[in-house]
Amino acid sequence: MKESDEVAEESEKDQSMSDGGNEDEAEDDWRIPIHQYLGKGTLPADIKEARKLESKEAMYNLRDGILYRRSFLGPLMRCLSRTEGRKILHDIHSGDAGNHGGRRSLAVKAKMQGYYWLSMDGFKERG
């Protein structure tokens, strides 16, 4: 029963991203241009941004409305907003098997669990 609640919660989050449910986060959400390009073929008006997006296209995959990033040798990683990324880090850090590790190890654990967000690489550099 708990698992079905988690699945429903995840699908609501994905739906809110595509609908623009949380307006503050939607303005800052780095996934929106990639999602629009892969889903509808819509490019940004700025030529430089459009070229950047076209060059990054091969790194991303859209499945059932959910954006994934390809990893080098591993499985697809689900792309998250900054807020969702922080929640995942909190869950990993304070979970049943949490070891209260540092930023770098938390980011690596999140990546191993199949999650990705734009500032994830910044956690590693600042650590």
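Here, the structure is the one placed above.
What you see is a predicted model, and the numbers here were worked out from it, not measured in a lab.

A.B. asks: Would you mind going over the pairing of strand β1 (residues 60-63) with me for this structure?
C.D. replies: Consecutive residues of a regular strand have side chains that alternate between opposite faces of the sheet. Bridge count between β1 and strand β2 (residues 66-69): 4 bridges; the pairing is antiparallel. Note that in β2 the partner of Leu62 across the bridge is Leu67. The loop that links β1 with its antiparallel partner β2 comprises 2 residues; one of these, Asp64, has a positive phi angle of about 50 degrees.

A.B. asks: Could you clarify how one ought to interpret the nonpolar core in this entry?
C.D. replies: Buried together is how nonpolar side chains tend to be arranged in soluble globular proteins. Ranked by internal contacts, the top residues of the largest apolar core, which has 16 residues, are Trp30, Ile34, Tyr60, Cys79, Ala110, Tyr116 and Trp117. For this core, the elements supplying multiple residues, two or more each, are α3 (31-40), β3 (77-79), α5 (82-94) and α6 (103-112). Tallying contributions element by element places α5 first for this core, with 3 residues. Excluding anything up to four places from it in sequence, Trp30 contacts Tyr60, Cys79, Leu80, Ser81, Tyr116, Trp117 and Leu118.

A.B. asks: Is there a simple way to explain the environment of Gly39 in this structure?
C.D. replies: Here Gly39 is to be found in helix α3. Once the C-alpha coordinates of Gly39 and Gly65 are considered, the two residues, 26 residues apart in sequence, prove to be 7.8 Å apart.

About the cut-offs
Residues numbered from 1 in each chain as written. Predicted model: local features only at pLDDT ≥ 70, side-chain atom pairs only at ≥ 80, totals over all residues. Heavy atoms only, no water. Pairing = 2+ DSSP bridges. Helix = DSSP H or I, 4+ residues; strand = E, 2+ residues; numbered from the N terminus. Core = buried A, V, L, I, M, F, W, Y, C linked by side-chain atoms within 4.5 Å. Buried < 20%, exposed > 50% of the residue type's maximum accessible area, 1.4 Å probe, protein only. Contact = heavy atoms within 4.5 Å.

None of this, on its own, says anything about what the molecule does.
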